[in-house]
Amino acid sequence: MADRVTVIGWDGSPLSASARASLGAATLVAGSAHHLALPEVPPAAERVRLGSVGLAAPRIAGHRGTAVVLADGDPGFFGVVRTLRNPEFGLEVEVVPAVSSVATAFARAGMPWDDAQIVVAHRRTLRRAVNVCRAHTKVAVLTSPGAGPAELGLLLDGVHRTFVICEELGTAREKISILTSDKAADRAWRDPNVVIVMGGPVAVGGDSDWIAGRDPAAGPRGWALPTEAYGHGSTGYAEGETELLRAAQLARLGPRVGDLVWDIGCGSGAFATDAARSGAAVIAVDRNVDACARTDFAARRFGVQLQIVRGEAPHVLEDLPEPDVVRVGGGGAAVVSAVADRRPQRIVTHAATRDAAELVGRDLTEHGYQVECALLQSVELDIRAWTEKERSVAFLLSGVLPDRAT
């Protein structure tokens, strides 16, 4: 087993004295081609060109001597340290960090980055990374081949963003480009690169100097707030739609960062706004121009990002990107069936009558969903006399695909 494994970060600047000393004593050096070409690499050392760190780790662990792993930027930040510290390899790791590529990218752009979301995009996570870019105003994307600026731009179709693309940071070929997201697919980009994605309204309220990323204190506390909190009274709410029903729908769907939520028949915009406050990307759909305007107003009031699509469901859904979870606020069984054809993880809707609920439930079951139905009744009381003011009854239906339940 290797006597010691030292992981050295490299950001293009001269290596520190401690990094040079560790590298000079190495009997095995692992890294990318440009790392192995560094003049400080001992000529007699065994060289391992890193592709997959997981595949190279057993060879490093089995080496009898002193091993050094070279990595770009800060190797403890979405880097090789996590893999090397996996208990299956039994490695004791010493880390000599450098400036991370994300920090360097924001420095080149002259911008702070403590308020940014940071994601890694490769083929498996590209769609989720794009959803984060849809939902947040400032995102740094660590790209990979096949999941770079061009792919990000194509998948952000319909959403305006500005890209700051930083190619080959820290090298003689470093280049910084600023362009809109719709232009990113028009050219080829060199790897490695970092993309800063910006755009949309700034979140309201809260302090931005105490926690990294999105400020959880932005906006009012609580979910499924009273209708007046969204800025337009009770206008636009569907029959039977109450704050308690919205709260139950949110609980059933569980939107989270990296998800894409469809809100079909967005009406007042209250549900779409609450879903966006969870950090998920949201596409709000309605055929009514006033409903779209109300939804836009609610989103701006809360400082969240929404894509609003005006059109008639189910036809308007054909060109939308694949959703993770969907609320059907209007359109009935035909729209629910069209949504189920797209196979989201979860679908939630409500019905005013038992017959309508049975029709929707049967269709979801035929599509392979596990269906639950509950009768929700809410009664608003006048607390001055403790008498009933308003009663609302609705059937809440939710469907979960067993093979995509998480």
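1. Things to note about a nonpolar patch on the surface
Here comes step 1: Taken together, Val 379, Leu 381, Ile 383 and Trp 386 make up a surface patch of nonpolar side chains, about 420 Å² in accessible area.
Here comes step 2: Along the polypeptide, Trp 386 turns up in the loop between β16 (370–382) and β17 (387–400).

2. Section: the packing of helix α8 (residues 243–253) against helix α9 (residues 270–277)
Here comes step 1: Between α8 and α9, the shortest axis-to-axis distance is 11 Å and the interhelical angle comes to 40°. Relative to α9, α8 is oriented oblique. Taken as a pair, α8 and α9 cross one another with a handedness that is right-handed. Packed against α8, whose contacting residues are Arg 246, Gln 249, Leu 250 and Leu 253, the element α9 presents Ala 270, Phe 271, Asp 274 and Ala 275 at the interface.

3. Brief notes about the packing of helix α11 (residues 332–341) against helix α12 (residues 354–366)
Here comes step 1: Interhelical geometry of α11 versus α12 gives an angle of 15° and a closest axis separation of 10 Å. Between α11 and α12, the interaxial angle falls into the category roughly parallel. Read as a crossing pair, α11 and α12 show a hand that is right-handed. On α12, the residues that touch Ala 333, Val 336, Ser 337 and Ala 340 of α11 are Leu 359, Val 360, Asp 363 and Leu 364.
Here comes step 2: Along the lines of polarity and charge, the residues of the contact of α11 with α12 split into six nonpolar, one polar and one charged.

4. Thoughts on the side chain of Asp 263
Here comes step 1: Topologically, Asp 263 is positioned in strand β11 (residues 260–264).
Here comes step 2: Look past the residues within four positions of Asp 263 in its chain and what remains in contact with it is Phe 271, Ala 272, Ile 283, Ala 284, Val 285 and Arg 327.

5. Topic: the environment of Val 336
Here comes step 1: Its location among the elements puts Val 336 in helix α11.
Here comes step 2: On the accessibility criterion, Val 336 (1% relative accessible area) is buried.
Here comes step 3: Placed 12 residues apart in sequence, Val 336 and Val 348 show a C-alpha to C-alpha distance of 8.9 Å.
Here comes step 4: With sequence-adjacent residues up to four places away left out, Val 336 is seen in contact with Val 328, Thr 349, Val 360, Asp 363 and Leu 364.

The rules behind each value
Residues numbered from 1 in each chain as written. Predicted model: local features only at pLDDT ≥ 70, side-chain atom pairs only at ≥ 80, totals over all residues. Heavy atoms only, no water. Patch = residues over 30% accessible without salt bridge, like charges linked within 9 Å, V, L, I, M, F, W, Y side chains within 5 Å. Areas by Shrake-Rupley, 256 points an atom, 1.4 Å probe, with all protein chains shown as cover. Salt bridge = Lys/Arg side-chain N within 4 Å of Asp/Glu carboxyl O. Helix = DSSP H or I, 4+ residues; strand = E, 2+ residues; numbered from the N terminus. Axes fitted to C-alpha atoms, helices over the stretch in contact; angles between N-to-C directions. Parallel < 35°, antiparallel > 145°, perpendicular 65-115°, else oblique. Left-handed = near helix turned anticlockwise from the far one by under 90°. Contact = heavy atoms within 4.5 Å. Nonpolar A, V, L, I, M, F, W, Y, C, P; charged D, E, K, R; others polar. Buried < 20%, exposed > 50% of the residue type's maximum accessible area, 1.4 Å probe, protein only.

Keep in mind that these numbers describe shape and distance, not what the molecule does.
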